Amino acid sequence: MPNKKRPKVFITRKLPEPVETRMCELFDAELNIEDAPRSQHELVEAMKTADVLVPTVTDQIDAAMIEQAGESLKLIANFGNGTDNIDVDAAARKGIAVTNTPNVLSEDTADMTMALILAVPRRLTEGANILMGEGQWNGWSPTWMLGHRIWGKRLGIVGMGRIGTAVARRARAFGLSIHYHNRNRVDPVTEEDLEATYWESLDQMLARVDIVSVNCPSTPATFHLLSARRLDLLRPEAFIVNTARGGIIDEAALVKNLQENRIAGAGLDVFEHEPAVNPKLVRLAEQGRVVILPHMGSATLEGRIDMGEKVIINIRTLFDGHRPPDRVLPGQQ
């Protein structure tokens, strides 16, 4: 950007090297070399002087913080697919644009979802732990470590957006029949291609499927969408997988149902109170009832670089005097 003052960009976490290099070439970028989470005080101080804040999904940018932002802050360019960590309404009132990085993580997250769909019924982590010395293996036996076949089972997808559709395509190849609940029915071509069954009633779908995959966005409307009442609708043989956001499931109710053998198992990449993980879930994982991962669903180098490129494009577009392509407006979260 010749002959222009380079925007001052404050980046809250360490990003992939190619992204940071490009940021430094284009902007007056302050990096986080140590990758230590920024405190709320540090974020507020940065917002007083920066032109652009680049937070991640772990940075909570609330209305009180936004109110303290300096006049120079023009953009909060979230390094993440959603913006549920940012008060978009408060930013709009302050005249600050908010952007995100959509449509680059669908395939990566769908891969991880499919991995959990396989891992939980087939007891993969239990088997791996035995070979790593946490148990005893005396050789193959016809009745030892029996899991459950997924071929021919019914998969119920909660949220048939890009990620949900990508999950459905993978699951179809593994012989699962596709059922889904969504705010709106998908287009007929996609539905026919996937041989998918649409359920207007989430309750009715939950009572009839063998595996539930949670792939909807986190919004006020989806908080505890899978409530204690809805979890009770699942059959004892059912499994549940969540690679979306932890708060979509009532975690305490899920733990209770697992402890009481009211559902067969769960695969969780997200948790309701991240980064804290419910100790009861850890114990269930040790017992082989749950597979838990530390929010790895979108963790590929390629995906993170794609996200960084979107952040850069959003910043450059705004400071070139145009609307950023990934701007999020109030009510769009």
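Just so you know, these numbers come straight off a predicted model, no measurement behind them.

Colleague: Mind showing me how you'd approach the overall build of the protein here?
Modeller: Check the secondary structure of the protein and you find 13 helices and 12 strands. Taken over C-alpha atoms, the radius of gyration comes to 22 Å for the protein, in line with the 20 Å a tight globule of 333 residues would show. Its C-alpha atoms give the protein principal-axis dimensions of roughly 75 × 50 × 35 Å. Split into buried and exposed, the 333 residues of the protein put 48% on the buried side. Looking at the protein alone, contacts between residues at least 24 apart form 60% of all its contacts between residues at least 6 apart.

Colleague: For this particular structure, what's the right way to read the packing of aromatic side chains?
Modeller: How two aromatic rings sit relative to each other is set out by the distance from centre to centre and by the angle between their planes. Counting across every chain of the model gives 1 aromatic pair. Between Tyr180 and Tyr198, the aromatic rings sit 5.1 Å apart at their centres with planes inclined by 45°, giving tilted as the arrangement. Of this pair, Tyr180 sits in strand β7 (residues 177-181) while Tyr198 sits in strand β8 (residues 197-198); the two residues are 18 residues apart in sequence, bridging distant segments of the chain. For the pair Tyr180 and Tyr198, one class covers both residues: buried.

Colleague: Any chance you could explain the nonpolar core here in plain terms?
Modeller: Residues Val212, Val214, Leu226, Leu231, Ile240 and Leu254 are the most contacted members of the largest nonpolar core, which totals 29 residues. Those elements giving two or more residues to this core turn out to be α9 (202-206), β9 (211-214), α11 (251-259), β11 (265-268) and α12 (279-286). For this core, the element with the highest residue contribution is α11, accounting for 4 residues. Discounting residues that sit within four places of it in the chain, Leu231 has contacts with Leu226, Ile240, Ile249, Asp250, Ala253, Leu254 and Asn257. Counting residues in hydrophobic clusters, the runner-up holds 27 residues, among them Leu116, Val120, Ala166 and Ala168.

Colleague: Got a minute to help me understand the sheet that holds β11 in this structure?
Modeller: Across a sheet, paired strands are connected by hydrogen bonds in the backbone, their directions being either parallel or antiparallel. With respect to topology, 7 strands assemble into an open sheet ordered β8-β7-β6-β9-β10-β11-β12, the strand pairing being parallel. Each edge of the open sheet carries a strand with a single partner, namely β8 and β12 (290-292). Where strand β10 (residues 239-242) lies against β11, 4 bridges are found, and the strand directions are parallel. Bridge pairing in β11 links Val241 to Gly267.

Colleague: Please explain the pairing of β7 as it appears in this structure.
Modeller: On a regular strand, one side chain projects to one face of the sheet and the next to the other, so that they alternate. With 4 of 5 residues buried, β7 lies mostly within the body of the structure. Regarding the hand of the β-α-β motif, the stretch spanning strand β6 (residues 154-158), helix α7 (residues 162-173) and β7 is right-handed. Relative to β8, β7 runs parallel, the two being bridged by 2 bridges. Within the sheet, the bridge partner assigned to Tyr180 lies in β8 and is Tyr198. Considered for its hand, the β-α-β crossover made up of β7, helix α8 (residues 188-194) and β8 is right-handed.

Colleague: What is the right way to read the sheet that holds strand β1 (residues 8-11) from this model?
Modeller: Spatial strand order, β2-β1-β3-β4-β5: 5 strands in an open sheet with parallel pairing. In the strand order of this sheet, the two ends are held by β2 (28-30) and β5 (97-99), each with one partner. Across the sheet, the mean angle from the axis of one strand to that of its neighbour is 15°, orientation sign disregarded. Where helix α13 (residues 301-319) meets the sheet, it contacts β1, β3 (52-54), β4 (75-77) and β5, and its direction lies at approximately 165° from that of β4.

Colleague: Teacher, can you tell me more about the packing of helix α1 (residues 17-26) against α13 here?
Modeller: Helix-helix packing: each pair is described by the crossing angle between the helix axes and the interaxial distance. Viewed as axis vectors pointing N to C, α1 and α13 meet at an angle of 15°, and their least axial separation amounts to 9 Å. The orientation of α1 with respect to α13, classified from their angle, is roughly parallel. Two packed elements cross with a definite hand, and for α1 against α13 that hand is right-handed. Contacts between α1 and α13 involve Pro18, Val19, Arg22, Met23 and Leu26 from the first element and Arg304, Ile305, Gly308, Val311, Ile312 and Arg316 from the second. For the contact of α1 with α13, the residue count by class is 7 nonpolar, 1 polar and 3 charged.

Colleague: Quick question: what am I supposed to make of the environment of Ile292 here?
Modeller: Assignment of secondary structure puts Ile292 in strand β12. Overall, the relative accessible area of 26% leaves Ile292 in the partly exposed class. Sequence-wise, Ile292 and Gly267 are 25 residues apart; in three dimensions their C-alpha atoms are separated by 5.9 Å. Among residues more than four places away in sequence, those in contact with Ile292 are Leu268, Phe271, Leu281, Val282 and Ala285.

Colleague: I tried to follow the packing of helix α5 (residues 106-122) against α7 on my own but got confused; where do I start?
Modeller: Interaxial distance between α5 and α7 falls to 8 Å at its minimum, and their mutual angle equals 50°. When the interaxial angle is binned, α5 and α7 end up oblique. α5 and α7 meet at a crossing whose hand is right-handed. Every residue of α7 that contacts α5 at Ser106, Glu107, Thr109, Ala110, Asp111, Thr113, Met114 and Ile117 is listed here: Arg162, Ile163, Ala166, Val167, Arg170 and Ala171. Considering only residue class, the contact of α5 with α7 consists of 7 nonpolar, 3 polar and 4 charged.

Colleague: I tried to follow the pattern of salt bridges on my own but got confused; where do I start?
Modeller: Once the charged atoms of two side chains with opposite charge are near each other, the side chains can pair. Per the stated rule, a full pass over the model turns up 21 salt bridges. Across the pair Asp111 and Arg170 runs a salt bridge whose closest N-O atoms are separated by 2.7 Å. With a gap of 59 residues between them, Asp111 in helix α5 and Arg170 in helix α7 connect regions that are remote in the sequence. The partner of Arg154 in a salt bridge is Asp210, with the nearest N and O atoms 3.9 Å apart. Of this pair, Arg154 sits in strand β6 while Asp210 is found in the loop between α9 and β9, placing the two residues 56 residues apart along the sequence. You can call Arg154 partly exposed: its relative accessible area is 33%. Linked through salt bridges whose partners overlap, the residues forming this network are Arg154, Asp210, Arg235 and Glu237.

Cut-off values and rules
- Residues numbered from 1 in each chain as written.
- Predicted model: local features only at pLDDT ≥ 70, side-chain atom pairs only at ≥ 80, totals over all residues.
- Heavy atoms only, no water.
- Helix = DSSP H or I, 4+ residues; strand = E, 2+ residues; numbered from the N terminus.
- Rg over C-alpha atoms; globule rule 2.2 N^0.38 Å.
- Buried < 20%, exposed > 50% of the residue type's maximum accessible area, 1.4 Å probe, protein only.
- Contact = heavy atoms within 4.5 Å.
- Phe/Tyr/Trp six-rings, centres within 6.5 Å; stacked < 30°, edge-to-face > 60°.
- Core = buried A, V, L, I, M, F, W, Y, C linked by side-chain atoms within 4.5 Å.
- Pairing = 2+ DSSP bridges.
- Right-handed = clockwise from strand over helix to strand, strands pointing away.
- Axes fitted to C-alpha atoms, helices over the stretch in contact; angles between N-to-C directions.
- Parallel < 35°, antiparallel > 145°, perpendicular 65-115°, else oblique.
- Left-handed = near helix turned anticlockwise from the far one by under 90°.
- Nonpolar A, V, L, I, M, F, W, Y, C, P; charged D, E, K, R; others polar.
- Salt bridge = Lys/Arg side-chain N within 4 Å of Asp/Glu carboxyl O.

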